[in-house]
Amino acid sequence: MVETTTGGEPDDGAAEVLDRPLPDGVRRRVVQIVSDGFGGLTVAELPVQLRQYARFAPNRRAKFAGNAMAAALETDPLFRQRIAEKLREAQSELTGALDSGSPPPAADPLDVAAAAYVLRPPGWVKLVTAAGEEALRADAERADEETRAELDRLREQLAEARGQTRTETERLRTELESAKKEAESLHRKLRGALSDVKRGEAAVRKLRGEMEAVRGEGQAHVSAAESESRRLKARLSEVEATLEATRRAAREGRSVEDMRVRLLLDTVLDATQGLRRELALPPVSVRPAETVDAVEPGRMTPKDIAARALSENDPAILDQLLALPQAHLVVDGYNVTKTGYPQMPLEKQRLRLLGQLSQLAAQTGAEVTCVFDGAELAAPVLLAPPRGVRVLFSRPGVTADELIRQLVRAEPPGRPVIVVSTDREVADGVAKAGARPVASAVLLKRFSRG
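Criteria and thresholds
- Residues numbered from 1 in each chain as written.
- Predicted model: local features only at pLDDT ≥ 70, side-chain atom pairs only at ≥ 80, totals over all residues.
- Heavy atoms only, no water.
- Helix = DSSP H or I, 4+ residues; strand = E, 2+ residues; numbered from the N terminus.
- Buried < 20%, exposed > 50% of the residue type's maximum accessible area, 1.4 Å probe, protein only.
- Contact = heavy atoms within 4.5 Å.
- Areas by Shrake-Rupley, 256 points an atom, 1.4 Å probe, with all protein chains shown as cover.
- Phe/Tyr/Trp six-rings, centres within 6.5 Å; stacked < 30°, edge-to-face > 60°.
- Lys NZ or Arg CZ within 6 Å of the ring centre and 35° of its normal.
- Axes fitted to C-alpha atoms, helices over the stretch in contact; angles between N-to-C directions.
- Parallel < 35°, antiparallel > 145°, perpendicular 65-115°, else oblique.
- Left-handed = near helix turned anticlockwise from the far one by under 90°.
- Nonpolar A, V, L, I, M, F, W, Y, C, P; charged D, E, K, R; others polar.
- pLDDT = per-residue confidence, 0-100.
- Core = buried A, V, L, I, M, F, W, Y, C linked by side-chain atoms within 4.5 Å.

Some points on the overall build of the protein chain
For the protein chain, the helix and strand inventory stands at 14 helices and 5 strands. Relative to its full complement of 450 residues, the protein chain shows a buried share of 26%. For the protein chain, restricting intrachain contacts to residue pairs at least 6 apart in sequence, the fraction spanning at least 24 positions comes to 60%. Summed over all atoms, the accessible surface of the protein chain reaches about 30,200 Å², with 56% contributed by carbon and sulfur.

Here's the deal with the packing of aromatic side chains
Aromatic ring pairs are described here by two measures, namely the spacing of the ring centres and the angle between the planes. What the rule picks out here adds up to 2 aromatic pairs. Grouped by ring-pair contacts, the aromatic residues Tyr334, Phe372 and Phe393 constitute a single cluster. Sitting over the face of the ring of Phe56, Arg60 holds its NZ or CZ atom 4.5 Å from the ring centroid. Residue placement shows Lys338 over the ring face of Tyr334; its charged tip is 5.4 Å from the ring centre.

Observations concerning the packing of helix α10 (residues 333-340) against helix α14 (residues 440-449)
At a minimum axis distance of 9 Å, the contact between α10 and α14 shows a crossing angle of 65 degrees. Overall, the two elements α10 and α14 adopt an arrangement that is roughly perpendicular. As α10 runs across α14, the sense of the crossing is right-handed. Between α10 and α14, the residues in contact are Asn335, Val336, Thr339 and Gly340 and Ser440, Leu443 and Leu444, respectively. The class makeup of the residues in the contact of α10 with α14 is 3 nonpolar, 4 polar and no charged.

Quick look at the confidence of the model for the protein chain
Low-pLDDT portions of the prediction should not be read for the details of their coordinates. Taken residue by residue, the protein chain gives an average pLDDT of 79. The fraction at 70 or more is 83%. Considering only residues more than four positions removed or in separate chains, one finds that residues 281-287, a stretch of pLDDT under 50, has 2 contacts. Every residue in residues 290-308 scores below 50 in pLDDT, and together they form 3 contacts with partners more than four places removed in sequence or on other chains.

Some thoughts on the environment of Leu264
Positionally, Leu264 belongs in helix α7 (residues 124-279). Take Leu264: its relative accessible area is 29%, and that puts it in the partly exposed class. When the C-alpha atoms of Leu264 and Arg415 are compared, they prove to be 6.5 Å apart, with 151 residues separating the residues in sequence. Residues in contact with Leu264, not counting those within four places in the same chain, are Pro412, Pro413, Gly414 and Arg415.

Structural notes on the side chain of Arg415
Of note, Arg415 is situated in the loop between α12 (400-410) and β4 (417-420). Ignoring anything within four residues of it in the chain, the contact list for Arg415 reads Leu263, Leu264, Thr267, Gln326, Ala327, His328 and Glu367.

Quick look at the nonpolar core
Grouped together as the largest cluster of nonpolar side chains are 33 residues, with contacts concentrated most on Val26, Val30, Val34, Leu73, Phe79, Ile83 and Val118. Elements represented by at least two residues in this core include exactly α1 (24-38), α3 (66-75), α4 (77-90), α5 (92-99), α6 (109-119) and α7. The element best represented in this core is α6, accounting for 9 residues. Once residues lying within four places of it in the same chain are set aside, the contact partners of Phe79 are Val34, Leu41, Glu45, Leu46, Pro47, Leu50, Met69, Ala72 and Leu73. Counting 28 residues, the second largest nonpolar core, distinct from the first, contains Leu318, Phe372, Val391 and Val420.

Now the structure itself:
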């Protein structure tokens with residue numbers, strides 16, 4: 001079927017359209033023509049989808065870009081025109097004959113059809129269709145010739161097989177007679193062997209029954225032994241686990257108690273030495289009369305001393321607390337940073353606070369622990385704690401407030417523990433546990449003082 005223009009007749013070969021797929025033989029010749037003409041074009045003259053194959057060798061180009069070249073030839077008239085010009089230069093005689101409308105009779109129909117498909121002269125669809133039909137006829141004739149040759153070969157093989165069959169039949173007939181005689185002898189021997197086999201089978205059944213009985217008894221003993229072994233192993237594992245737990249508890253209890261006792265002892269000794277330094281007076285300077293509560297002329301009264309007491313918001317209170325022997329400063333990290341500089345990102349809040357706490361630890365010599373709420377974290381924090389500051393994050397499901405209470409309860413009674421937090425609940429809780437609460441603003445004022 002040929003598509004025509006509105007006038008009823010085709011204007012030229014470009015208006016004709018194939019109504020069936022391009023025959024395989026013609027398509028291969030078309031791809032080869034495009035591949036041969038491909039190298040004579042510049043990259044700018046090639047369609048965009050074919051430029052990546054510009055540096056390929058003709059054989060590799062036909063192998064890897066065959067579909068793309070066939071599609072470009074069909075859809076890009078300018079590219080087809082350029083390939084047609086290259087084909088006219090390479091095969092001027094064939095293309096000239098096609099342009100004149102009289103293809104050479106001696107030419108290969110596939111070559112004629114492929115050239116017609118590229119040049120698109122009037123009637124090219126008929127040439128392509130005829131080439132496809134010719135190729136099919138050639139394939140059918142070739143298949144018919146191959147079938148005839150195969151049939152002749154099979155006939156020869158059949159005749160040869162028949163001769164061999166006759167010879168083999170005679171040989172087998174002779175062997176069969178011999179085999180029959182031998183079979184009769186074997187039958188006689190077989191009957192005697194069957195009698196022996198039956199007697200042997202009876203003996204085997206008897207032995208098998210005895211063996212099954214012995215095996216069942218042995219399996220019962222093995223099962224009982226395995227059960228007892230498993231019970232003893234389980235009991236041994238329980239005893240070992242109990243012993244290990246007892247040893248671990250003894251070690252942990254001993255180490256924790258030793259640590260608490262040693263820490264409390266160091267606290268008492270340091271406090272004693274501090275009291276000795278603060279209260280040491282010349283032996284002869286104290287008299288019993290001086291211990292009587294009275295007001296002497298020129299001396300301040302208790303009311304005067306109370307008037308000089310420090311304010312709760314005075315950072316000097318924090319200095320006096322940190323000067324106590326074995327003092328432990330516990331800081332509610334985010335409570336302090338969100339009081340002092342809440343506009344900063346959390347990471348910069350932590351770094352700023354830890355840097356200030358490191359300076360405070362170096363100045364006072366006190367033990368410093370900074371606690372942050374782990375619920376604020378999107379991922380684990382990669383942080384190198386500064387010198388003199390212990391940094392802790394609460395575990396999932398545990399708040400920083402609860403972690404602070406755990407730290408306070410872990411300290412032995414009598415050790416000075418100062419907790420910095422503005423949280424009223426935290427302050428009340430640590431105060432009941434024996435710690436001294438200090439507002440976050442006091443610590444921030446202490447930082448600003450330097």
